[in-house]
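For reference, the chains in residue letters:
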Amino acid sequence: MALRRINWNDPLMKAIKAFNSITGNSLTEEDLKKQRSAMELAGKLAAPTGDVEIEPFTVGDISCEWIRPVLAHNPSYVILNAHGGGYVCGGLRYARILGAKLALATGFSVVTFEYRLAPEHKFPAPIDDGEIIWNYLLEKGFSAKNILMAGDSAGGHLVISLTQRLLGQDRMPPRALIVMSPWTDMTASSASYETYKTKDPILTYEYVVGVREAFIGDKADPAEPKYSPLFGDFSGFPPTFIMVGKNEILLEDSVQLNKKMTKAGVKSTIDIEKDGWHVYQQLPLPVAGRAMRRIAKFIAEEIYNA
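All values reported here derive from a predicted model rather than from experimental measurement.

Novice: How should the packing of aromatic side chains be read in this particular structure?
Specialist: The way to describe two aromatic rings as a pair is by their centre distance and the angle between their planes. According to the stated counting rule, one finds 15 aromatic pairs in the structure shown. Between the aromatic rings of Tyr-87 and Trp-183, the centroid separation amounts to 6.4 Å while the plane-to-plane angle is 40°, which identifies the pairing as tilted. Of this pair, Tyr-87 sits in the loop between β3 (74-82) and α3 (92-106) while Trp-183 sits in the loop between β6 (177-180) and α6 (192-195), and the two are 96 residues apart along the sequence. Among the aromatic residues, those joined into a cluster by ring pairs are Tyr-87, Phe-113, Tyr-115, Phe-123, Trp-183, Phe-215 and Tyr-227.

Novice: Can you help me understand the state of the cysteines in this one?
Specialist: Put plainly, a disulfide is one covalent bond tying together the sulfur atoms of two cysteines. Within this structure, the stated rule accounts for zero disulfides. As a non-bridged cysteine, Cys-89 has Cys-64 as the owner of its nearest cysteine sulfur, 19 Å distant. Judged by its relative accessible area of 0%, Cys-89 falls in the buried class.

Novice: Looking at this structure, how should I read the pattern of salt bridges?
Specialist: Note on pairing: side chains with opposite charge can pair once their charged atoms come close. Under the definition given, this model contains 14 salt bridges. With its nearest N and O atoms 2.7 Å apart, the salt bridge here joins Glu-55 to Arg-68. Of the two residues, Glu-55 is situated in strand β1 (residues 52-59) and Arg-68 in strand β2 (residues 62-69); the sequence distance between them amounts to 13 residues. Exposure remark for Glu-55: the relative accessible area of 36% places this residue in the partly exposed category. Note that Glu-273 is salt-bridged to Arg-294, the shortest N-O span being 3.4 Å. Placement of Glu-273 in strand β8 (residues 268-273) and of Arg-294 in helix α9 (residues 286-303) is noted, with a sequence separation of 21 residues between them. On the basis of relative accessibility, which here comes to 25%, the residue Arg-294 falls in the partly exposed class. Taken together, the salt bridges that share partners define one network made up of Asp-128, Glu-131, Arg-165 and Arg-171.

Novice: It is not clear to me how the side chain of Asn-81 should be interpreted in this structure. Could you clarify?
Specialist: When you line up the elements, Asn-81 lands in strand β3. Accessibility expressed as a relative area gives 1% for Asn-81, which makes it buried. When sequence neighbours within four positions are dropped, the list of residues in contact with Asn-81 reads Ala-95, Leu-98, Gly-99, Leu-102, Val-110, Val-111, Thr-112, Phe-113, Ala-150 and Gly-151.

Novice: Sorry, what's going on with the sheet that holds β1 here?
Specialist: Backbone-to-backbone hydrogen bonds join strands into a sheet, with any given pair of strands oriented parallel or antiparallel. On the basis of which strands lie adjacent, the open sheet formed by eight strands has the order β1-β2-β4-β3-β5-β6-β7-β8 and mixed pairing. Among the strands making up the open sheet, the edge pair consists of β1 and β8. In this sheet, adjacent strand axes meet at a mean angle of 20° when their direction is disregarded. Pairing between β3 and strand β4 (residues 108-113): five bridges, direction parallel. Looking at the pairing, Ile-79 lines up with Val-110 of β4. Contacts from helix α5 (residues 154-168) reach β3, β4, β5 (147-152) and β6 within the one sheet, and its direction differs from that of β5 by about 140°. Packed on one face of the sheet, α9 meets β3, β4, β5, β6, β7 (240-245) and β8 and runs near 165° to β7.

Novice: I tried to follow the packing of α3 against α9 on my own but got confused; where do I start?
Specialist: Packed helix pairs are characterised by how far apart their axes lie and by the angle those axes make with each other. At their nearest, the axes of α3 and α9 sit 9 Å apart, and the two run at 55° to each other. Taken as axis vectors, α3 and α9 run oblique relative to one another. The hand of the α3/α9 crossing is right-handed. Contacts from Lys-101, Leu-102, Ala-105 and Thr-106 in α3 reach Ala-288, Met-292, Ile-295, Ala-296 and Ile-299 in α9. For the contact of α3 with α9, the per-class residue count stands at seven nonpolar, one polar and one charged.

Novice: Teacher, can you tell me more about the packing of helix α2 (residues 29-46) against α3 here?
Specialist: Running from N to C, α2 and α3 cross one another at 40°; their axes reach a closest spacing of 7 Å. With respect to α3, the axis of α2 lies oblique. Remark: the crossing between α2 and α3 carries left-handed chirality. Between α2 and α3, the contacting residues are Met-39, Glu-40, Ala-42, Gly-43, Lys-44 and Ala-46 on the first element and Arg-93, Tyr-94 and Ile-97 on the second. Among the residues forming the contact of α2 with α3, the class breakdown is five nonpolar, one polar and three charged.

Thresholds, definitions, all that
One numbering rule holds for all chains: residues counted from 1, following each sequence as written. Whole-chain, interface and lining totals are the exception, using all residues; otherwise, since this is a predicted model, local features are given only for residues with pLDDT of at least 70 and side-chain atom pairs are given and counted only at 80 or more. Note: side-chain values were computed over all heavy atoms of the structure, leaving out hydrogens and water. Two rings from Phe, Tyr or Trp (for Trp, the six-membered ring) form a pair when their centres are within 6.5 Å of each other. A pair whose planes differ by under 30 degrees is stacked, one over 60 is edge-to-face, and the rest are tilted. By definition, any uninterrupted DSSP run of H or I lasting at least four residues is a helix, any uninterrupted run of E lasting at least two residues is a strand, and each is numbered from the N terminus. Criterion for a disulfide: a pair of cysteine sulfur atoms at a distance within 2.5 Å. Relative accessible area decides the class of each residue, using a 1.4 Å probe on protein chains only: under 20% of the type maximum gives buried, over 50% gives exposed, and in between gives partly exposed. We count a salt bridge whenever a side-chain nitrogen from Lys or Arg sits within 4 Å of a carboxyl oxygen from Asp or Glu. Working rule for contacts: check all heavy atoms of both residues, and any pair within 4.5 Å makes them a contact. Any two strands between which DSSP finds at least two bridges are classified as paired. Between N-to-C directions, angles span 0 to 180 degrees; the directions come from axes that are lines fitted to C-alpha atoms, helices contributing only their stretch in contact. Orientation categories follow fixed angle ranges, with anything under 35 degrees roughly parallel, anything over 145 roughly antiparallel, 65 to 115 roughly perpendicular, and all other angles oblique. Left-handed describes a crossing whose near helix is turned anticlockwise from the far helix through less than a right angle; right-handed describes the clockwise counterpart. We call Asp, Glu, Lys and Arg charged. Ala, Val, Leu, Ile, Met, Phe, Trp, Tyr, Cys and Pro are nonpolar, and the rest, Gly among them, are polar.

This is how it looks when you write it as structure tokens:
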């Protein structure tokens, strides 16, 4: 389905646009309230419910969900999934959209978690929370080779940053990574910001800068690898599947990630959807269904055909 055929007045599309609609470089209380409400609505409208079982649980103060497919369930593997939202919004209901889709596409259990949000909780709070859930899964008896990590947008940033942290601690990384429209370069300086600014139906430069400053502050250097994992070390990374839309300003975040990973010897695959936009996999559209099947194919090849 081409971009031009999407009804942007649909309630779900309006909600998605609303939580990516900062108009300046600072996050006001009104912006934040609007974004978080819109993201809750998006989760309510788009999350699959009929073919998955949802089991809420907590790890310390972190609210989480197990999402399991009702049929064709392989409990030996689990996907730790981090939701997007610019690190300023999103929760379990929103995370359930892609969490449920991943469970249905792969047959694996998926764990989502409600990490702390900026500006109330700045860097590295969400990544710290991700590490807590990673450790929880290890304590539950899953080995690193049976855990995959997935994330969209800021969630992609989170799982890449967490993998770099684990390797920096001489710990085993996840079996594989799946990232959708990952935010990897916080400098917001790539050519795709200009090239696709009139084509991107979701993101704007102002939005990216606004949520970046909410997350790391306006005094931090966004080029530091701890903020922009694109500039970090990819030695020892697991096989990675990168999905991105052709019509988004974060296109180069994915293209350059693939180049850096390949140069570091990582088995990295980039999937550029010509009719896609930022995290298009969320929507109940054929293009999203095809994307989930490609994710399932990548995982099957890495696990069952290895």
